[in-house]
Amino acid sequence: MRVLLVGAGGVGTAVTRIAARRGFLTRMIVADYDPSRAEAAVAALEEPGDRFSARRLDASDEGAVRRLLTEERCDVLLNATDPRFVMPLFRAALAAGAHYLDMAMSLSAPHPERPYEECGVKLGDGQFELAHRWAESGRLALVGMGVEPGLSDVFARYAADELFDEIEEIGVRDGADLTVEGYDFAPSFSIWTTIEECLNPPVVYEKDRGWFTTAPFSEPEVFDFPEGIGPVECVNVEHEEVLLIPRWVDARRVTFKYGLGDDFIAKLKTLHELGLDSTAKVTVPGAEGPVRVSPRDVVAACLPDPATLGERMTGKTCAGTWVKGTKDGVPREVYLYHVVDNQWSMREYGSQAVVWQTAVNPVVALELIATGVWSGRGVLGPEALPPRPFLDLLVDYGSPWGLREQG
């Protein structure tokens, strides 16, 4: 399989380190707007050989992306950029006749009049509008194939297929006990994406009502996470699983809640109140004259790169899917989960836990597609494909998952 990887940040770099250990990959072109990042990702590999090379690429330039896919005869484009670049990369892959994978879907827009009650443009709407063209092309666009969304969706499908006859609720729950020495505020994932998903109106799905929204940080609950992480307060956050799971899995209710903590929530609210979450560019003085910048990009530039925090980070991160329903007429609740210890991921791969946990899942998916175990056409979420081969291969990658009976 020949892959164009776009984005050589923390997740993209972790992708190269994981993929380098697998035999299914024949070629990976690592591309980034900053060529030094792509070059560093390739140079850090123990045996890059002829399989990996670095290129400069502007992810917003559809024509350039399409040409590179064609020139390198790539089978698939793996998008490891932030959600701003989903649509140009998505369209470029379609035009080039390549398959496509991403870990976050096209951006949403709040309802103009009732943002905390009704959906406006939903996550992924821009991609699903082109589903018919992908189906006609015979190519697969596998969207939301990270850890959340991604592995969490695989868990949902596995629960529906093997653990339950009827499902009352599927709730993705994410929590961690990670700490970063020397920083009062150092998010372990892209702050650009974190602001986007945490300050947008969260989406909830109910079978009788469809998709609707609530206020940010609504419906707090304490969830007890496994493997020593313990109780963490989780709140509603906008996330792709709520938009994906109901398309392929029958459940009466679907939610996503994230363990943020009071301090993190307070800082996000302050950014919002000051307008520093905005993506609209403003004019600021510069040494060579006025400069147009996005406040959110400034915030991101002021914070440490999450990919560099691994040496200062301790603790574990947990991604998982809580499912409530019945099996053989008996009520059942389970939590399917995946925990990564930062000490392990740093020792084994040199990548901090959150970015490694995100990166391993698209690589597993690529291997399943390369070997023909997963196949399809059109725009599909992970829950549209057989879950057991994915979960078995994840274990083969040295990263087991768990199942805990609740109650």
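Quantities reported herein were computed from a predicted structural model and do not represent experimental measurements.

## Some details on the sheet that holds strand β1 (residues 2-6)
Read across the sheet, seven strands follow the order β3-β2-β1-β4-β5-β6-β19 without closing on themselves; strand pairing throughout is parallel. Bordering the open sheet on either side are β3 (52-56) and β19 (378-380), each of which pairs with just one other strand. On average, adjacent strands in this sheet sit at an angle of 20° to one another, irrespective of strand direction. Bridge analysis of strand β2 (residues 27-32) against β3 gives five bridges, and the strand direction is parallel. Bridge pairing links M28 to F52 in β3. Most of the contacts of helix α4 (residues 86-96) go to strand β5 (residues 99-102), to which it runs at about 160°, and overall it touches β1, β4 (76-79), β5, β6 (140-142) and β19.

## Remarks on helix α8 (residues 191-199)
Counting buried residues along α8, nine of its nine residues qualify, which places the element largely inside the surrounding structure. Taken residue by residue, α8 has I191, W192, T193, T194, I195, E196, E197, C198 and L199 as its buried positions.

## Topic: the pattern of salt bridges
As enumerated under the stated definition, the model contains 29 salt bridges in all. The partner of R84 in a salt bridge is D82, with the nearest N and O atoms 2.6 Å apart. A residue is classified by how much of its surface remains accessible, and R84, at 34% relative accessible area, is partly exposed. Residue class for D82 comes out buried when judged on its relative accessible area of 15%. With a shortest N-O distance of 3.5 Å, R252 and E166 are connected by a salt bridge. Separated by 86 residues along the polypeptide, R252 in the loop between α9 (240-248) and β13 (253-258) and E166 in strand β7 (residues 166-176) bring together distant segments of the chain. Taking the relative accessible area as the measure of exposure, R252 reaches 45% and is therefore partly exposed. Take E166: its relative accessible area is 46%, and that puts it in the partly exposed class.

Conventions and cut-offs
Residues numbered from 1 in each chain as written. Predicted model: local features only at pLDDT ≥ 70, side-chain atom pairs only at ≥ 80, totals over all residues. Heavy atoms only, no water. Pairing = 2+ DSSP bridges. Helix = DSSP H or I, 4+ residues; strand = E, 2+ residues; numbered from the N terminus. Axes fitted to C-alpha atoms, helices over the stretch in contact; angles between N-to-C directions. Contact = heavy atoms within 4.5 Å. Buried < 20%, exposed > 50% of the residue type's maximum accessible area, 1.4 Å probe, protein only. Salt bridge = Lys/Arg side-chain N within 4 Å of Asp/Glu carboxyl O.

Read these as layout, nothing more, since geometry by itself doesn't imply function.
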